[in-house]
Amino acid sequence: ILNVEQSPQSLHVQEGDSTNFTCSFPSSNFYALHWYRWETAKSPEALFVMTLNGDEKKKGRISATLNTKEGYSYLYIKGSQPEDSATYLCALNAGNNRKLIWGLGTSLAVNP
Amino acid sequence: DVKVTQSSRYLVKRTGEKVFLECVQDMDHENMFWYRQDPGLGLRLIYFSYDVKMKEKGDIPEGYSVSREKKERFSLILESASTNQTSMYLCASTEGALNTEAFFGQGTRLTVV
């Protein structure tokens, strides 16, 4: 059974702090790694879909890196703002079917 | 603006009722998914469909069935609702390729009393 793990489970930071979280996954059968942001009372929204080892993607103050050989991805937020408060989910596509295998998420709270 | 729409935001049903949750997407996506989300358990896949009239069981299909008669619509059916099916239900869709992002509906919070 493939398992995706995220750490930490939750995080409280002050406005302006930079932070990062980890997503770990089995490196065999890798096809794609997704990151989503899920704000309270909204739908999850895609941040990045990454497929290449060593890939780095950026969207504003948020960036992500991918290491498929060792099975991890980091999500970085530079200069956190209160509107960054959300649960950040990662999901693995293992390539053998069209399902995504989801981590439990990291809950981020940014205090003003 | 791409959209996945779920028929209800909140729903309260009685034990034993047959419940239909509807999901419609306007992106011509091949794949559609039904998840439930419970505290501490994350997103769990109930069923998914990769084509009209095609369906596959996810991780927790017991007590549920699905219907995909048209490409844009994927229905989740609770044949006889039970209190342990009280949950947040999320519908999602993706294009046919494996590395494309998922688009989610707004969720249906179902309470079975």
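Residues numbered from 1 in each chain as written. Chains lettered and ligands numbered in written order. Predicted model: local features only at pLDDT ≥ 70, side-chain atom pairs only at ≥ 80, totals over all residues. Heavy atoms only, no water.

Examining the overall build of chain B
Secondary structure assignment for chain B yields zero helices and 11 strands. For chain B, the α and β elements follow one another from N to C terminus as β-β-β-β-β-β-β-β-β-β-β. Here chain B has a C-alpha radius of gyration of 13 Å; the compact-globule value for 113 residues is 13 Å, and the two agree. Along the longest, intermediate and shortest principal axes, the C-alpha atoms of chain B span 40 × 25 × 25 Å. (Helix = DSSP H or I, 4+ residues; strand = E, 2+ residues; numbered from the N terminus. Rg over C-alpha atoms; globule rule 2.2 N^0.38 Å.)

Overview of empty space enclosed by the protein
Under the definition given, this model contains one cavity of 30 Å³ or more. In this structure, the largest cavity occupies an estimated 40 Å³ of space. Lining the largest cavity are His34, Asn93, Arg98 and Leu100 of chain A together with Asn31, Thr94, Ala97, Leu98 and Thr100 of chain B. Split by residue class, the lining of the largest cavity holds three nonpolar, five polar and one charged. (1 Å grid on protein atoms, 1.4 Å probe; cavity = no way out; pocket = protein on both sides within 12 Å on 5 of 7 lines; lining within 4 Å. Points joined across faces, edges and corners; volume = space filled by probe spheres on them. Nonpolar A, V, L, I, M, F, W, Y, C, P; charged D, E, K, R; others polar.)

Observations regarding the packing of aromatic side chains
Following the criterion strictly, the structure yields 12 aromatic pairs over all chains and no others. Both rings, one in Phe21 of chain A and one in Tyr88 of chain A, keep their centres 5.3 Å apart while their planes meet at 45°; by these two values the pair is tilted. With Phe21 of chain A in strand β3 (residues 19-24) and Tyr88 of chain A in strand β9 (residues 86-93), the pair connects residues that are 67 residues apart, well separated along the chain. In this pair, the class of Phe21 of chain A matches that of Tyr88 of chain A, namely buried. Ring pairs connect the aromatic residues Tyr36 and Trp102 of chain A together with Phe33, Tyr35, Phe48 and Phe104 of chain B, which therefore count as one cluster. (Phe/Tyr/Trp six-rings, centres within 6.5 Å; stacked < 30°, edge-to-face > 60°. Buried < 20%, exposed > 50% of the residue type's maximum accessible area, 1.4 Å probe, protein only.)

Quick word on the sheet that holds strand β3 (residues 19-25) of chain B
Residues and elements named next belong to chain B. Strands sit in the order β1-β3-β8-β7 across an open sheet of four strands; the sheet is antiparallel. What marks the edges here is a single partner per strand, and that holds for β1 (4-6) and β7 (64-70). For this sheet the average axis-to-axis angle between neighbouring strands, irrespective of direction, equals 20°. The pairing of β1 with β3 spans three bridges and is classified as antiparallel. What sits directly across from Thr5, in β3, is Val24. (Pairing = 2+ DSSP bridges. Axes fitted to C-alpha atoms, helices over the stretch in contact; angles between N-to-C directions.)

Here we look at the pattern of salt bridges
Residue and element names in this part refer to chain B. As enumerated under the stated definition, the model contains eight salt bridges over all chains in all. Note that Arg73 and Glu22 form a salt bridge whose closest N and O atoms lie 3.9 Å from each other. Taken together, the positions of Arg73 in strand β8 (residues 73-78) and Glu22 in strand β3 put the pair 51 residues apart, joining distant regions of the chain. Judged by its relative accessible area of 37%, Arg73 is partly exposed. Glu22 sits in the partly exposed class, given a relative accessible area of 23%. One salt-bridge network, in which partners are shared between bridges, spans Arg36, Asp38 and Arg44. (Salt bridge = Lys/Arg side-chain N within 4 Å of Asp/Glu carboxyl O.)

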